[in-house]
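Overview (structure and organization)
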Amino acid sequence: MDLDGKRIVVVGGSRGLGRGLAEAFVARAAQVTVVARNADAAQGAGEQGAVTALSADATDVDAAWRIMEETQPDVVIMNAGAEPPMERIDRIGWEAFTTNWNVDVKAALHWVQAALTLPMAPGGLVALVSSGAAVQGSPLSGGYAGAKRAQWFIAKYAEALSAELGLGLCFRVIVPRQMFVGTGVGDTGITAYAQKAGRTFAEQAATWPDMTPRAFGDMVADLIGRTDLAEAMVYGVRGDTGVTVIE
């Protein structure tokens, strides 16, 4: 897929990995729309005028359908998610435990449904950004790992339905297999696991490969441009090993 001129919507693109993705797509001359609660912050994801920023709650079903209809995207990157409440399993309450189900999973479901039902034009790609926690778990983050794994199932169900209905759409999963300093989820996780291990934040951060959100975005953008994500359903991305196929 040549990203030059492609209409790409990054849901949750004002900060962290989403911002890195938006910046990478802008650098490849894509027409990028960032959806975020704070649209003003999203404007900095590229050169002036290079990004269209829309203020919306990613979990709002009406917003998902409206924005999909207005933008007619070639690619949708679902990166929206909440910072997981960090607590031991014997101490976390149900409301905190389900935080990421009520944000990450809910948003993924609404945007995938909009893509399938409107539908997107044949050849459209929807990529859900999951987490390495969906592979190995994350015992201090409540329901986060399960929620991020649920996104895999949503993508698989949508892919199968697209094939059944002849829609010609692709649904894929990108799995960051490390924590990232300077992101909400990353800093929250690093802080909690540092305290558990009796380490400083810097010591715990050093257990992960050095990789910035923009480097992550470049890796994903290059992967999409090179393969159209046609080789597999789920891809892992990590600073030291690059892109790997998970399944």
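Structure's up top.
What you see is a predicted model, and the numbers here were worked out from it, not measured in a lab.

This model, assessed by the stated rule, comprises 13 salt bridges. Each of Arg28, Arg214, Asp218 and Asp222 takes part in salt bridges that share partners, so that together they form one network.

Turning our attention to the layout of surface pockets. In this structure, the largest pocket occupies an estimated 980 Å³ of space. Forming the walls of the largest pocket are 49 residues, and the residues nearest its centre are Asn79, Gly81, Ala82, Tyr144 and Val185. Of all the secondary-structure elements, those providing two or more residues to the lining of the largest pocket are helix H1 (16-27), strand E2 (31-36), helix H5 (99-117), helix H6 (133-136), helix H7 (144-165) and helix H8 (184-197). Residues belonging to the lining of the largest pocket are distributed by class as follows: 20 nonpolar, 22 polar and seven charged.

Turning our attention to helix H10 (residues 213-227). With 15 residues, H10 ought to run about 21 Å at 1.5 Å a step, and its terminal C-alpha atoms sit 21 Å apart, in line with that. For H10, every residue scored as buried is listed here: Pro213, Phe216, Gly217, Val220, Ala221, Leu223, Ile224 and Thr227. In a view along the axis of H10, the buried residues occupy a sector of 160 degrees, so they form one face of it. Immediately downstream of H10, the backbone of Asp228 shows phi near 60 degrees, a positive value.

One open sheet accounts for eight strands, arranged E3-E2-E1-E4-E5-E6-E7-E8; its pairing is mixed. Only two strands of the sheet have a single partner each, and these edge strands are strand E3 (51-55) and strand E8 (242-245). Within the sheet, the average angular offset between the axes of one strand and its neighbour, ignoring direction, is 20 degrees. Note that strand E6 (residues 170-176) and strand E7 (residues 234-238) share four bridges and pair parallel. The residue bridging Ile174 from the neighbouring strand is Tyr235, located in E7.

Rules behind the numbers
Residues numbered from 1 in each chain as written. Predicted model: local features only at pLDDT ≥ 70, side-chain atom pairs only at ≥ 80, totals over all residues. Heavy atoms only, no water. Salt bridge = Lys/Arg side-chain N within 4 Å of Asp/Glu carboxyl O. 1 Å grid on protein atoms, 1.4 Å probe; cavity = no way out; pocket = protein on both sides within 12 Å on 5 of 7 lines; lining within 4 Å. Points joined across faces, edges and corners; volume = space filled by probe spheres on them. Helix = DSSP H or I, 4+ residues; strand = E, 2+ residues; numbered from the N terminus. Nonpolar A, V, L, I, M, F, W, Y, C, P; charged D, E, K, R; others polar. Expected span 1.5 Å × (residues − 1). Buried < 20%, exposed > 50% of the residue type's maximum accessible area, 1.4 Å probe, protein only. Arc of directions from axis to C-beta. Pairing = 2+ DSSP bridges. Axes fitted to C-alpha atoms, helices over the stretch in contact; angles between N-to-C directions.

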